[in-house]
Amino acid sequence: MVLRMIISEKWIHINSYDVCFDYNVKSVIILKQKIIVQLEIGDLYAVDMAGNIIEKNNKPFQRSDLDKDFIVEINQNNLYFNNSAIYFEHNIYSFVLFDDRIIVQLNELDASAKSDEIDNVYAVDMEGNIIWRIQNKERVCPEYKFISPYVMINYIDGELIVNDFNGFRFVFSPDDGTFVKRIQSLRPW
């Protein structure tokens, strides 16, 4: 299973589907067959992998109800696994979930405020260990002179395609986060 998700204020993007809500999204819990979305006001929604809202609940859930299907929870700048948690300095904006790891892109607006967070893509294994941080593109692609954080990650045909704020596209290895190549820019310059 490969699942790509973007979490924005009042919506989530699951693979190719958008789901909009009336209030901001607080956290997202990924289960084997569905996604639980908790809004800031406390409402809970169950969403299937095709972006359909299949259930709404106004009462808090019990973690024990989710244990058998629980994969990961994303709550602003935290990832929660079965027995561990990872705290990032900035909020999680998007991720790609694999069977054995999750690739996380931190919010580029938060990251751009700190120059050491320009490389704002990480991979975490299912035990809660950070296994790599994306390789710095300026070091391996010297002709690239624009320092900017990443704004989008995609997993297409076995390649991790990463776009930066300036519209440049790069391919990195999803196995270890190393630079593979630069591909055509989204912008004409």
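About the cut-offs
- Residues numbered from 1 in each chain as written.
- Predicted model: local features only at pLDDT ≥ 70, side-chain atom pairs only at ≥ 80, totals over all residues.
- Heavy atoms only, no water.
- Helix = DSSP H or I, 4+ residues; strand = E, 2+ residues; numbered from the N terminus.
- Contact = heavy atoms within 4.5 Å.
- Phe/Tyr/Trp six-rings, centres within 6.5 Å; stacked < 30°, edge-to-face > 60°.
- Buried < 20%, exposed > 50% of the residue type's maximum accessible area, 1.4 Å probe, protein only.
- Lys NZ or Arg CZ within 6 Å of the ring centre and 35° of its normal.
- Pairing = 2+ DSSP bridges.
- Axes fitted to C-alpha atoms, helices over the stretch in contact; angles between N-to-C directions.
- 1 Å grid on protein atoms, 1.4 Å probe; cavity = no way out; pocket = protein on both sides within 12 Å on 5 of 7 lines; lining within 4 Å.
- Points joined across faces, edges and corners; volume = space filled by probe spheres on them.
- Nonpolar A, V, L, I, M, F, W, Y, C, P; charged D, E, K, R; others polar.

K.L.:
I'd like a rundown of the environment of Ile-153, residues and numbers included.
P.N.:
Positionally, Ile-153 belongs in strand S15 (residues 150-156). A sequence separation of 17 residues divides Ile-153 from Phe-170, and the C-alpha atoms of the two residues are 9.7 Å apart. With residues up to four places along the chain from it excluded, the contact list for Ile-153 reads Arg-4, Ser-94, Phe-95, Val-96, Ile-103, Val-104, Gln-105, Val-121, Leu-160, Ile-161 and Val-162.

K.L.:
Talk me through the packing of aromatic side chains; I want residue IDs and the actual numbers.
P.N.:
In the structure shown here, the tally under the stated rule is 7 aromatic pairs. Pairing Tyr-150 with Phe-172 gives two aromatic rings, centres 6.0 Å apart and planes at 80°, and the pair type is edge-to-face. You can see Tyr-150 sitting in strand S15 and its partner Phe-172 sitting in strand S17 (residues 169-172), a full 22 residues away along the chain. For the residue pair Tyr-150 and Phe-172, the accessibility class agrees, reading buried in each case. Here the aromatic cluster, defined as three or more aromatic residues joined through ring pairs, consists of Tyr-150, Phe-170, Phe-172 and Phe-179. If you follow Arg-101 out to its NZ or CZ, it ends over the ring of Phe-98, 4.6 Å from the centre.

K.L.:
An account of the sheet that holds S15 is needed here, citing residue identities and associated values.
P.N.:
Backbone hydrogen bonds are what pair the strands of a sheet, in a parallel or an antiparallel way. Spatially, 4 strands are ordered S15-S16-S17-S18 in an open sheet, and the strand pairing comes out antiparallel. Of all strands in the sheet, those with a lone pairing partner are S15 and strand S18 (179-183), marking the two edges. On average, adjacent strands in this sheet sit at an angle of 25° to one another, irrespective of strand direction. Sheet topology note: the strand S16 (residues 159-164)/S17 ladder contains 4 bridges and is antiparallel. Among the inter-strand pairings, Ile-161 is bridged to a residue of S17, identified as Val-171.

K.L.:
Give a description of the layout of surface pockets that names residues and reports values.
P.N.:
Considering only enclosed or pocket space, the largest pocket measures out at about 380 Å³ in volume. Along its surface, the largest pocket is lined by 17 residues, and Ile-7, Ser-8, Glu-9, Asn-91 and Asn-107 are the ones closest to its centre. Of all the elements in the fold, those that place two or more residues in the lining of the largest pocket are strand S1 (3-8), strand S4 (25-31), strand S11 (92-97) and helix H2 (108-111). A per-class count over the lining of the largest pocket returns 7 nonpolar, 6 polar and 4 charged.

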